[in-house]
Amino acid sequence: MKKILYFSLFSLLLIGCKEQKPAETNYVSPAPVFCEDSAYQYVKEQCAFGPRVMNSAAHDSCGEYIARQFQRFGMVVHHQYADSKLYDGTPIKMRNIIASYRPEASTRILLAGHWDSRQWADNDPDESNHNTPIDGANDGGSSIGVMLELARQLQLANDSDKVKIGVDFICWDAEDNGISGGGDESSWCLGSQYWAGHHHVEGYSARYGINLDMVGGHQTVFYREQYSMRFAPTVVDKVWAAAQRIGYGNYFSYDEQGGYITDDHLQVNRSGIPCIDVIGSDRENGGFPATWHTMNDNVKNINKETLKAVGQTMLEVIWTEQ
Ligand code: AHN
Ligand code: ZN
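Residues numbered from 1 in each chain as written. Chains lettered and ligands numbered in written order. Predicted model: local features only at pLDDT ≥ 70, side-chain atom pairs only at ≥ 80, totals over all residues. Heavy atoms only, no water.

## Looking at the site of ligand 1
The immediate surroundings of ligand 1 are formed by Asp139, Glu175, Asp176, Trp188, Asp213, Met214, Thr262, Phe288, Trp292 and His293. The separation between a nitrogen atom of ligand 1 and a polar side-chain atom of Asp213 is 2.7 Å. For ligand 1, a nitrogen atom lies 3.4 Å from a polar atom in the side chain of His293. Protein contacts shield 90% of the accessible area of ligand 1, which totals 320 Å² for the unbound molecule. (Near = heavy atom within 4 Å. Polar contact = N/O pair within 3.5 Å; in protein donor to acceptor, adjacent residues only side chain to side chain. Areas by Shrake-Rupley, 256 points an atom, 1.4 Å probe, with all protein chains shown as cover.)

If you want it as structure tokens, here you go:
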């Protein structure tokens, strides 16, 4: 009963999606329309479990939710469970969730993002929040929200428009409990570190990877991140060019250079697959978004236009990669 109501409410929400307004040029994209309302809904549903901090019931239930959604969209889901330790020695149970579209295809691309949320709001202006977990609506939730909508679109396409290459969606666990401000870099990205040493299928490879991080904030812009430029410059070019082509050059900007950011893409590069990081910056000061590691990183501060710009660009990349 509950389930039926949930799905019917959800289909009502999906009707809210508008057709994409045409880009200024006469370029006709082969990609379907990314529904930002749907991506937003997936962000909201993740946050409704509570902060997805390691070893918590909210974390585990949300992991089940994410796996179930990908399965619902026809993906083959691998679960990668592993034990690890936070930098302070706390033992953690990690779970990377890997959802594959066309698992049999030999030509593949990889999309990724972390699904855990940070257990300390240590960038919050109010110091009394520094040990409180964050919702991670943008930092974590937005990447998974966008990827779920991409998976839904892959399944939804008519036979004649079906994507022929394989696509793997990797949801990293335990990315976000690292030491802020120049501490040991290996304290971040524990899920992707594990994956780099233990691929989910033997002999796994992909043409390239795109990691998404903080792709749903207000006044967000994406600059070309420097490790991405060093390890995967052609992938950066491909993604930024795709965005310009469909009218999202305002989001994927060439105006400034991004910084060098320790993120999950480094581990993918380390395992031999060129991978970039599409990571949101604040339009005003070029740093991390204003809600980063604060109590304000909640669903109220998610911007659907940002989700749309990133999601539509990803569809453009996937549909033109044949
Ligand atoms: C560092 O601050 C070293 N890396 C940021 C990676 C990150 C955290 N992305 C989101 N949250
Ligand atoms: Zn974070």
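After presenting the structure, the write-up continues.
## Thoughts on the side chain of Ser187
The topology assignment puts Ser187 in the loop between β4 (166-172) and α5 (190-197). For Ser187, the side chain forms a polar contact with the main-chain nitrogen of Ile179, separated by 2.9 Å. If near-sequence neighbours (up to four positions away) are discounted, Ser187 is found in contact with Tyr87, Asn177, Gly178 and Ile179. (Helix = DSSP H or I, 4+ residues; strand = E, 2+ residues; numbered from the N terminus. Contact = heavy atoms within 4.5 Å.)

## Considering α5
Here α5 has its buried residues at Leu190, Gly191, Ser192 and Trp195. Where α5 is buried, its residues touch β1 (76-85), β2 (91-101), β3 (108-114), β4 and α8 (265-270). (Buried < 20%, exposed > 50% of the residue type's maximum accessible area, 1.4 Å probe, protein only.)

## A look at the packing of helix α2 (residues 36-47) against helix α4 (residues 137-156)
Here α2 crosses α4 at 130°, and the two axes come no closer than 8 Å. In terms of axis orientation, α2 runs oblique to α4. In this structure, α2 crosses over α4, and the sense of that crossing is right-handed. Counting all contacts with α2, which are made through Ser38, Ala39, Tyr42, Val43, Gln46 and Cys47, the residues of α4 involved are Ala137, Gly141, Ser142, Ile144, Gly145, Val146, Leu148, Glu149 and Arg152. Along the lines of polarity and charge, the residues of the contact of α2 with α4 split into eight nonpolar, five polar and two charged. (Axes fitted to C-alpha atoms, helices over the stretch in contact; angles between N-to-C directions. Parallel < 35°, antiparallel > 145°, perpendicular 65-115°, else oblique. Left-handed = near helix turned anticlockwise from the far one by under 90°. Nonpolar A, V, L, I, M, F, W, Y, C, P; charged D, E, K, R; others polar.)

## Focus: the pairing of strand β8 (residues 275-282)
Within β8, eight of the eight residues are buried, leaving the element largely enclosed by the surrounding structure. Where burial is concerned, the two faces of β8 agree: the one with Cys275, Asp277, Ile279 and Ser281 and the one with Ile276, Val278, Gly280 and Asp282 are both buried. Pairing of strand β5 (residues 209-213) with β8 involves five bridges; the strand directions are parallel. Counted as the bridge partner of Gly209 is Cys275 from β8. Relative to β8, strand β6 (residues 220-224) runs antiparallel, the two sharing three bridges. By the bridge assignment for β8, Phe222 is matched with Gly280. (Pairing = 2+ DSSP bridges.)

## Brief notes about the packing of aromatic side chains
Any pair of aromatic rings gets described here by the distance separating the centres and the angle formed by the planes. Scanning the entire structure with this criterion turns up twelve aromatic pairs. Where Tyr227 meets Phe231, the ring centres are 6.3 Å apart and the plane angle is 5°; that geometry is what we call stacked. With Tyr227 and Phe231 both in helix α6 (residues 226-231) and four residues apart, the pair spans about one turn of that helix. Exposure remark for Phe231: the relative accessible area of 40% places this residue in the partly exposed category. Between the aromatic rings of Tyr248 and Tyr251, the centroid separation amounts to 6.1 Å while the plane-to-plane angle is 70°, which identifies the pairing as edge-to-face. We classify Tyr248 as buried; its relative accessible area is 12%. Its relative accessible area of 16% is what places Tyr251 among the buried residues. Three or more aromatic residues joined by ring pairs make a cluster, and in this case those are Trp172, Trp195 and Tyr204. Between the NZ or CZ atom of Arg283 and the centre of the ring of Tyr251, over which it lies, the distance is 5.4 Å. (Phe/Tyr/Trp six-rings, centres within 6.5 Å; stacked < 30°, edge-to-face > 60°. Lys NZ or Arg CZ within 6 Å of the ring centre and 35° of its normal.)

## Examining the coordination of the zinc ion (ligand 2)
Each angle at a metal carrying four tetrahedral donors should ideally be 109.5 degrees, and each at a metal carrying six octahedral donors should ideally be 90 or 180 degrees. The protein atoms that coordinate the zinc ion (ligand 2) are Asp139 (OD), Asp176 (OD), Asp176 (OD) and His293 (NE2), at distances of 1.9 to 2.4 Å. The sequence pattern describing where the donors of the zinc ion (ligand 2) fall on their chain is D-x36-D-x116-H. In this pair, Asp139 sits in helix α4 while Asp176 sits in the loop between β4 and α5, placing the two residues 37 residues apart along the sequence. For Asp139, a relative accessible area of 1% translates into the label buried. A relative accessible area of 2% means that Asp176 is categorised as buried. (Donors = N, O, S within 2.8 Å, 3.2 Å for Na, K, Ca; no water.)

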